[in-house]
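Results of the structural survey
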Amino acid sequence: QVHVVESGGGLVQAGGSLRLSCAVSGRTFSSYAMGWFRQAPGKEREFVAAISSSGVRTTYAESVRGRFTISRDNAKNTVYLQMNSLKPGDTAVYYCGVGSSFGRARIGECDYWGQGTQVTVSS
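Because the structure is a prediction, the values reported are computed rather than measured.

1. Regarding the state of the cysteines
Tallied over the full model, the rule gives 1 disulfide. The side chain of Cys22 participates in a disulfide bridge whose partner is Cys96; the two sulfur atoms lie 2.1 Å from each other. With the S-S bond torsion at -85°, the cross-link from Cys22 to Cys96 turns out left-handed. Taken together, the residues span a long stretch of sequence, with Cys22 in strand E3 (residues 18-24) and Cys96 in strand E9 (residues 92-99) at a distance of 74 residues. Looking at Cys22, the relative accessible area reads 0%, which means it is buried. Its relative accessible area of 0% is what places Cys96 among the buried residues. With no disulfide of its own, Cys110 lies closest to Cys96 among cysteine sulfurs, the gap being 8.0 Å. Judged by its relative accessible area of 13%, Cys110 is buried.

2. Brief notes about the nonpolar core
Residues Met34, Trp36, Leu81, Met83 and Tyr94 are the most contacted members of the largest nonpolar core, which totals 36 residues. Counting residues per element, the ones that place at least two in this core are E3, strand E4 (33-39), strand E5 (46-51), strand E7 (68-73), strand E8 (78-83), E9, helix H1 (102-106) and strand E11 (117-122). Broken down by element, the residue count for this core peaks at 5 residues, all from E5. Each residue touching Leu81, except ones within four places of it in the same chain, is listed here: Leu18, Arg19, Leu20, Trp36, Val48, Ala49, Phe68, Thr69, Ile70 and Tyr94.

3. Focus on the sheet that holds E7
Ordered by their spatial adjacency, 4 strands build an open sheet running E1-E3-E8-E7, and the pairing between neighbours is antiparallel. Each edge of the sheet is formed by a strand with only one pairing partner; in this case those strands are strand E1 (4-7) and E7. Averaged over all pairs of adjacent strands, the angle between strand axes in this sheet comes to 15°, irrespective of strand direction. Note that E1 and E3 share 4 bridges and pair antiparallel.

Conventions and cut-offs
Residues numbered from 1 in each chain as written. Predicted model: local features only at pLDDT ≥ 70, side-chain atom pairs only at ≥ 80, totals over all residues. Heavy atoms only, no water. Disulfide = S-S within 2.5 Å. Helix = DSSP H or I, 4+ residues; strand = E, 2+ residues; numbered from the N terminus. Buried < 20%, exposed > 50% of the residue type's maximum accessible area, 1.4 Å probe, protein only. Core = buried A, V, L, I, M, F, W, Y, C linked by side-chain atoms within 4.5 Å. Contact = heavy atoms within 4.5 Å. Pairing = 2+ DSSP bridges. Axes fitted to C-alpha atoms, helices over the stretch in contact; angles between N-to-C directions.

Okay, here's the thing in structure tokens:
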């Protein structure tokens, strides 16, 4: 069984930064692609960023490109989302998903999900 736990959310002023972490249990973390998604109140879950199993390939939603950076440390079974220049529109619950491939992770076809971490950006 794979367990996924996000952390690092909180309240930050516009223009500030946060780094989210997603820890994944299991010995095969390095074989998984990973994705970050978010869901704001009253809205559907949307794609934020994804990273391949090796970390070589990354992709971002247009709304966060240039401000957010996804990375991973396979030795620590952890994927990160560095969020800079935060805007009130970034306020949402952020979820981490584990995918069997980069293509599946980027479209949200993930096999495992975390419980989410709240990010609130004040104006």
